Amino acid sequence: MVSIRSLDNVVVFLSVCILYHTLHADGRPLSRRSISEVQLMHTVGIHKHEQQRQQWLQVKMLELHTAPLSASGDRSPLPEHSDVTPSDAER
């Protein structure tokens, strides 16, 4: 039968080993990433940025205030001046 004291020693030893390896890594990944993995992460980052920009633009487009249309549907919002010549418009 295994004694509790030997189990405590094993737990302490494993804890010290795990702590040593996590501190020894200095926050770096334990293995280097391959070039394709780095390229994939870069592409995913660009895609996320584009999605955020499109969502932001969509929200801004919904916030735009447009001029109200006239009450009669057959009239355009801008008056037509067919009798104005280009020389009149320059003045």
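Computed from a predicted structure; not experimentally measured.

Conventions and cut-offs
Think of each chain on its own: its residues are numbered from 1, step by step along the sequence as written. This being a predicted model, a pLDDT of at least 70 is required before a residue's local features are given, and a value of 80 or more before pairs of side-chain atoms are given or counted; all residues contribute to the totals for chains, interfaces and linings. Side-chain numbers come from the whole structure's heavy atoms, not from hydrogens or water. For the purposes of this entry, the term helix denotes a DSSP run of H or I that reaches at least four residues, the term strand denotes a run of E that reaches at least two, and both are numbered from the N terminus. Here the term buried applies to any residue with accessible area under 20% of the maximum for its type, exposed to any over 50%, and partly exposed to those in between, with areas from a 1.4 Å probe on protein chains only. Areas reported here follow the Shrake-Rupley algorithm with a probe of radius 1.4 Å; residue values treat only the protein chains shown as occluding. A pairing counts as a salt bridge when a side-chain nitrogen of Lys or Arg comes within 4 Å of a carboxyl oxygen of Asp or Glu. Think of pLDDT as the predictor's per-residue confidence, scored from 0 to 100.

A. Fine view of the overall build of the chain. Scanning the chain for helices and strands turns up 3 helices and 0 strands. Ordered by position in the sequence, the α and β elements of the chain form the string α-α-α. Residues classed as buried in the chain amount to 1% of the 91 residues present. Carbon and sulfur atoms make up 62% of the accessible area of the chain, which totals about 9500 Å².

B. Representation of the pattern of salt bridges. Taken as a whole, this structure holds 1 salt bridge when the rule is applied. Of the charged contacts in the structure, one is a salt bridge between Lys60 and Glu63, with a shortest N-O distance of 3.5 Å. Separated by 3 residues within a single helix, Lys60 and Glu63 lie in helix H2 (residues 35-63), roughly one turn from each other. The class of Glu63 is partly exposed, set by a relative accessible area of 44%.

C. Summary view of the confidence of the model for the chain. Put simply, the chain has an average pLDDT of 77, and 63% of its residues get 70 or more. Looking across the chain, the model is least confident in helix H3 (residues 86-90), with a mean pLDDT of 66, and most confident in H2, with 93.

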